[in-house]
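Results of the structural survey
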Amino acid sequence: GLPEVKNHPERQFLSWFKNYWSPHKYYHVTWFISWSPCVRCARSVADFLEKYRNVQLSVFAARLYYHWEPEYQEGLRGLCRCGAQVDIMSLQREAGAGEGPDGPGGLGCPGNFSDCWKNFVHNRGSDFRPWNDLQKNYDSLVTILQHIFG
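Residues numbered from 1 in each chain as written. Predicted model: local features only at pLDDT ≥ 70, side-chain atom pairs only at ≥ 80, totals over all residues. Heavy atoms only, no water.

A word on the packing of helix H1 (residues 9-18) against helix H2 (residues 39-51)
For clarity, the cut-off: Between N-to-C directions, angles cover 0 to 180 degrees, with each direction set by a line fitted to C-alpha atoms, over the stretch in contact for helices. Counting from the N terminus, the helices are the DSSP runs of H or I reaching at least four residues and the strands are the DSSP runs of E reaching at least two. Comment on the angle field: the value is read as roughly parallel under 35 degrees, roughly antiparallel over 145, roughly perpendicular from 65 to 115, and oblique elsewhere. Left-handed is the label given to a crossing in which the near helix is rotated counterclockwise from the far helix by less than a right angle, and right-handed is the label when the rotation is clockwise. Any two residues whose heavy atoms approach within 4.5 Å are treated as being in contact.
Relative orientation of the contacting elements H1 and H2 amounts to 25 degrees, with a least axis distance of 9 Å. Regarding the angle of H1 to H2, the classification is roughly parallel. Judged by the sense of rotation from one axis to the other, the crossing of H1 with H2 is left-handed. Contact residues: Glu10, Arg11, Leu14, Phe17 and Lys18 in H1; Arg40, Cys41, Ser44, Val45 and Phe48 in H2.

Considering H1
Spelled out, the test is: Buried residues are those whose accessible area, probed at 1.4 Å on protein chains only, stays under 20% of the maximum for their type, while exposed residues exceed 50% and partly exposed ones sit between those limits. This arc corresponds to the set of directions leading from the helix axis out to the C-beta atoms.
Of the positions making up H1, those classed as buried are Glu10, Phe13, Leu14 and Phe17. With its buried residues spanning 100 degrees around the axis, H1 presents them on a single face. Elements that come into contact with the buried residues of H1 comprise strand S1 (27-35), H2 and strand S2 (55-63).

So, the sheet that holds S2
Note the following rule: Only strands joined by at least two bridges in the DSSP assignment are considered to pair.
Within the open sheet, the 3 strands sit side by side as S1-S2-S3. Their pairing is parallel. Only two strands of the sheet have a single neighbouring strand rather than two, namely S1 and strand S3 (85-88). Going from strand to strand, the sheet's axes swing by 20 degrees on average, the running direction of each strand aside. Where S1 meets S2, 8 bridges bridge the pair, whose relative direction is parallel. Residue Thr30 lies in a different strand from S2, and its bridge partner there is Ser58.

Brief notes about the pattern of salt bridges
Note that side chains of opposite charge can pair when their charged atoms are close. Here is the rule we go by: We count a salt bridge whenever a side-chain nitrogen from Lys or Arg sits within 4 Å of a carboxyl oxygen from Asp or Glu.
Inspection of the entire model under this criterion finds 3 salt bridges. The closest approach of N and O atoms between Arg53 and Glu50, which form a salt bridge, is 3.6 Å. By relative accessible area, Arg53 is classed as exposed at 58%. The exposure class of Glu50 is partly exposed, given its relative accessible area of 42%. Its salt-bridge partner being Glu74, residue Arg77 comes within 3.2 Å of it at the nearest N-O pair.

Written out as structure tokens, the structure reads:
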């Protein structure tokens, strides 16, 4: 079986968030993460979203974790079935982005490196500097994600 996951940020967030959750409020949570969730975290998040129906989750990942493994693919599909938007972080905001999900997993919605760098990274006023082949990697990962979602 898979090892127990205790310190992954997805599980830490769920544990923290349960302390602040209210059935009388609606929540939209956005995650910018380096890697898509592992199998156990994806299951935990999907179970959480099933139980807490007033929480909407958008996940923007820089990379796909073990995307060639069927159980990891199923974990991502499970997140989408529970209403999560799963997408790849892009270099620039897509045209028309921010208008809601467009297709399985919400491909094409905003969640880019520049916005993340500007709003969530202690960057000391420096601009985001993309690395070589970032757009090529993005295009490849989007194609893989589209294949996973069918």
